[in-house]
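In case you want the letters, here they are:
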Number of protein chains: 4
Amino acid sequence: MDKETGRLEAFSDGVFAIAITLLILEIRVPKLEHLTDVALGVALRGLWPSFASYFISFFVVLLMWMNHHELLRLVRGVDNPLMLCNGLVLLMVTFVPFPTAVLAQYLGTPATDTAAAFYCGTFVVIALTYNALLASVAHNHRLLHGHLESTAILKIRRTYHFGLAVYATSTVLCFWNGYAGLGLNVLMLGVWLSLRYQEPVSSSK
Amino acid sequence: MDKETGRLEAFSDGVFAIAITLLILEIRVPKLEHLTDVALGVALRGLWPSFASYFISFFVVLLMWMNHHELLRLVRGVDNPLMLCNGLVLLMVTFVPFPTAVLAQYLGTPATDTAAAFYCGTFVVIALTYNALLASVAHNHRLLHGHLESTAILKIRRTYHFGLAVYATSTVLCFWNGYAGLGLNVLMLGVWLSLRYQEPVSSSK
Amino acid sequence: MDKETGRLEAFSDGVFAIAITLLILEIRVPKLEHLTDVALGVALRGLWPSFASYFISFFVVLLMWMNHHELLRLVRGVDNPLMLCNGLVLLMVTFVPFPTAVLAQYLGTPATDTAAAFYCGTFVVIALTYNALLASVAHNHRLLHGHLESTAILKIRRTYHFGLAVYATSTVLCFWNGYAGLGLNVLMLGVWLSLRYQEPVSSSK
Amino acid sequence: MDKETGRLEAFSDGVFAIAITLLILEIRVPKLEHLTDVALGVALRGLWPSFASYFISFFVVLLMWMNHHELLRLVRGVDNPLMLCNGLVLLMVTFVPFPTAVLAQYLGTPATDTAAAFYCGTFVVIALTYNALLASVAHNHRLLHGHLESTAILKIRRTYHFGLAVYATSTVLCFWNGYAGLGLNVLMLGVWLSLRYQEPVSSSK
């Protein structure tokens, strides 16, 4: 991996790190009508939609960072199409705090379905940008390390296509029932994290 | 590129990464009068000025980061004038979220022209700081790698002058019609991004 | 330490740096009824709960960063369980600004006990994630440098267990008296910082 | 400079970069009563105290970063006292956005003197932490590169003492007249920046 890749990686890591940290700013300190310990306890428990949104978004962004990490390790150089596709990925990663805040505000209200669809729909667009990033890297093996087998790329491509399908399904589900769509999302998040947990570390270099 | 340049680059990258990520904080979760899915959908669509401002600013800052990247690659050492001119660039880069928020708030209202002029005017000042940065680097080939041809620098300088002219024109246009000024801005952004997309990667080292 | 560890460290450092810096955003500029120098002075002094919360949280996060730093220095490679446990640590580190803001808002009011318990309780969860991180690293010496003695790990493990006990005790204390719980917390923070201050630098490599 | 120093530097750079970028969040988009281009123009001009505070704080933090940079270049290793003194510096650097926001809000109002004194007083404390950092580094040449002459350290120490004296004087001036204190501050900032601008780059390694 050359110096240019290093700088692209460092910039991307910075954006991921900031986006994941800004999520917390969307949880607001509750205002109390009666200043008592009990009231504060009730108000904090009432923030469960914020905590849930924060929790899901955090792990989605973390997983996206790990995927980004994994993909960039296969790359031997940077060119402008890669930089622009990477820019699209980062555009969407930095966008995540906003649908998270919308979900935090409206989860559990009569506007749950729209909030959940907007939230899951964001991940559809993110999945599209990851597919574009992969294409910009893997087209004709343009930027890949020479010794990589096509099967390694195929496996990643299949994962990305599957992710896109899951997010699209969950978005459609949200129009019927927001909790169902979110539930599918969280379920798959759990599956992916536990798959990763068991996976041996790949040593591509 | 020596260690000092590395630290300057890392600090600048950090500032670019944070500025580009803070843009999202300016989009506020809409407040609903009637808590329904339809109302939230309408309210989210009503945020188009915020999304548009976010989108434009993101790619402008990304392009500025790529330019910064490209320029710093030509540099072989850091001195204090370079550090101060770089400081001016960063001052303006970190400023971008504010005019973006102003545009997000007032685009589509009777105050569109002023908001757009303020927004485009910010890029005029940014273009000035980039020209100052280039001057601090290229004056007498002071800090450039020895083997660089003058034509490479000339090409960058011409691009910077052209960018300054475009932003100045779009600012003036805004006083007549804000959408026209913004349109020119977006048009040139598209041109620059697609030029970059086609450009072969320059390998100056 | 290999390149992968380097990137994990850099990402974690970014998250720590951002979380520690976001703390200040929770202190709000006071609004004055009467615009006078005296009124502003009084209002600024009235922010003492915010300053105190900021101060404590800053040093807790700094200490956590130093601990993270110290632990990662012992590691010779990264695998997915380590990445996920590290993710849990970062999830909780980025969460810190929220209980800090709650404490800043309600310290000194009749809701002090709940605010303090929520604040101290957060550190209990953080201590748990650190223990998980240590376990993911040290289990069967899986990811440790070969020459490390078991006593070095034992010492760290004992410190982590002790920290967990302290935070749990202070949380329980808060249900009785918020100031007592916070006081224990601050006391131990002072002890740990002064222990570190005297400690010779360990050179494990 | 060893790896440990590198990680301390990277963490500190991250904190500086974030603190300098968060300054912009304190400038709020003006709310208009009458939605017209003229009204927005007037409102933006009315933000001059925010722009001025932003501008001064940006360059003060930039200068502090350059000083930090310069000092750490002389260091050959890191120990815990250095880490804690560096922590104090960072505590105060991340604090800067708050007094900046206070100044932005109250500059030009009858509460100017207190706001300016609070602002300048912050820099007094920052100057104290820099003196502590220098002491932790230079005491008995503990952590310095062997070939450094005492005069280099003496020169830095004199600069730090002078900075402390200037900030203390400007704070005292603020109690008499806020503009006078701020004026002294800005004047010295200009002097320091122009001195740096002329200074040949020191090559200590």
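Below or above, wherever it landed, is the structure these notes cover. Since this is a predicted model, take the numbers as computed values, not measurements.

**Section: the interface of chain A and chain C**
The interface of chain A with chain C comprises 28 residues on the first partner and 31 residues on the second. When contributions to the side of chain A that touches chain C are tallied by element, the ones reaching two or more residues are α1 (3-22), α2 (37-45), α3 (48-72) and α8 (178-198) of chain A. The biggest single contributor to the side of chain A that touches chain C is α1 of chain A, with 6 residues.

**A short note on the nonpolar core**
The biggest cluster of nonpolar side chains holds 268 residues, and the ones touching the most others in it are Val61 of chain A, Val61 of chain B, Val61 of chain C together with Val61 of chain D. When neighbours within four sequence positions are excluded, Val61 of chain C is seen to be in contact with Phe16, Ala19, Ile20, Val93 and Val96 of chain C.

**Thoughts on the interface of chain B and chain A**
Opposite the 30 residues of chain B that make contact, chain A presents 31 residues. Among the elements of the structure, α1 (3-22), α2 (37-45), α3 (48-72) and α8 (178-198) of chain B are those that each provide at least two residues to the side of chain B that touches chain A. Examining the composition of the side of chain B that touches chain A, we find that 7 residues originate from one element, α1 of chain B, more than from any other. Broken down by class, the residue content of the side of chain B that touches chain A amounts to 21 nonpolar, 5 polar and 4 charged.

**Considering the relation of the copies chain B and chain A**
Laying chain B over chain A is done by rotating through 90° and shifting 0.0 Å along the axis; what remains is an RMSD of 0.0 Å. These values place the two chain copies in the arrangement generated by a four-fold rotation axis. Interface overlap between copies: only 13% of the residues of chain B at the interface are likewise at the interface in chain A, consistent with a contact formed by different surfaces.

**Notes on the packing of helix α6 (residues 112-138) of chain D against helix α7 (residues 150-176) of chain D**
Residues and elements named next belong to chain D. Between α6 and α7, whose axes approach to 8 Å, the crossing angle comes to 160°. One element, α6, and the other, α7, form an angle in the roughly antiparallel class. Judged by the sense of rotation from one axis to the other, the crossing of α6 with α7 is left-handed. Its residues assigned to classes, the contact of α6 with α7 comprises 18 nonpolar, 5 polar and 2 charged.

**What about helix α6 (residues 112-138) of chain A?**
With 27 residues, α6 of chain A extends 39 Å between its outermost C-alpha atoms, agreeing within 8% with the 39 Å of an ideal straight helix rising 1.5 Å per residue. α6 of chain A sits mainly inside the fold: 19 of its 27 residues count as buried.

**Some details on the relation of the copies chain A and chain C**
It takes a turn of 90° to lay chain A on chain C, together with a shift of 0.0 Å along the axis; the resulting RMSD is 0.0 Å. Taken as a fraction of all interface residues of chain A, those also at the interface in chain C reach only 11%, which identifies the copy contact as different-surface.

**Re the environment of Phe11 of chain B**
Among the secondary structure elements, Phe11 of chain B is positioned in helix α1. Phe11 of chain B has contacts with Asp13 and Ala17 of chain D, leaving out every residue within four places of it along the chain.

**Let's talk about α8 of chain A**
All names here are of chain A. An ideal rise of 1.5 Å per residue puts 30 Å on 21 residues; α8 measures up with 31 Å between its terminal C-alpha atoms. Every buried residue of α8 is accounted for by Gly178, Gly181, Leu182 and Asn185. All buried residues of α8 lie within an arc of 95° about the axis, which places them on one face of the element. In α8, the exposed residues that point more than 90 degrees away from the buried face are Leu187, Gly190, Val191, Ser194, Leu195 and Gln198. Turning to α8, the residues buried within the fold contact α6 and α7 (150-176).

**A closer look at the packing of helix α3 (residues 48-72) of chain D against helix α8 (residues 178-198) of chain D**
All names here are of chain D. Viewed as axis vectors pointing N to C, α3 and α8 meet at an angle of 45°, and their least axial separation amounts to 11 Å. One element, α3, and the other, α8, form an angle in the oblique class. Here the hand of the crossing between α3 and α8 comes out left-handed. Within the contact between the two elements, α3 uses Ile56, Phe59, Val60, Leu63 and Met66 and α8 uses Val186, Leu189, Trp192, Leu193 and Arg196.

Each value, and the rule that gives it
Residues numbered from 1 in each chain as written. Chains lettered and ligands numbered in written order. Predicted model: local features only at pLDDT ≥ 70, side-chain atom pairs only at ≥ 80, totals over all residues. Contact = placed C-beta atoms within 7 Å. Helix = DSSP H or I, 4+ residues; strand = E, 2+ residues; numbered from the N terminus. Core = buried A, V, L, I, M, F, W, Y, C linked by C-beta atoms within 7 Å. Buried ≥ 20, exposed ≤ 12 C-beta atoms within 10 Å, placed from the backbone. Nonpolar A, V, L, I, M, F, W, Y, C, P; charged D, E, K, R; others polar. Least-squares fit on C-alpha atoms with pLDDT ≥ 70 in both. Axes fitted to C-alpha atoms, helices over the stretch in contact; angles between N-to-C directions. Parallel < 35°, antiparallel > 145°, perpendicular 65-115°, else oblique. Left-handed = near helix turned anticlockwise from the far one by under 90°. Expected span 1.5 Å × (residues − 1). Arc of directions from axis to C-beta.

Don't take any of this as a statement about function, it's just geometry.
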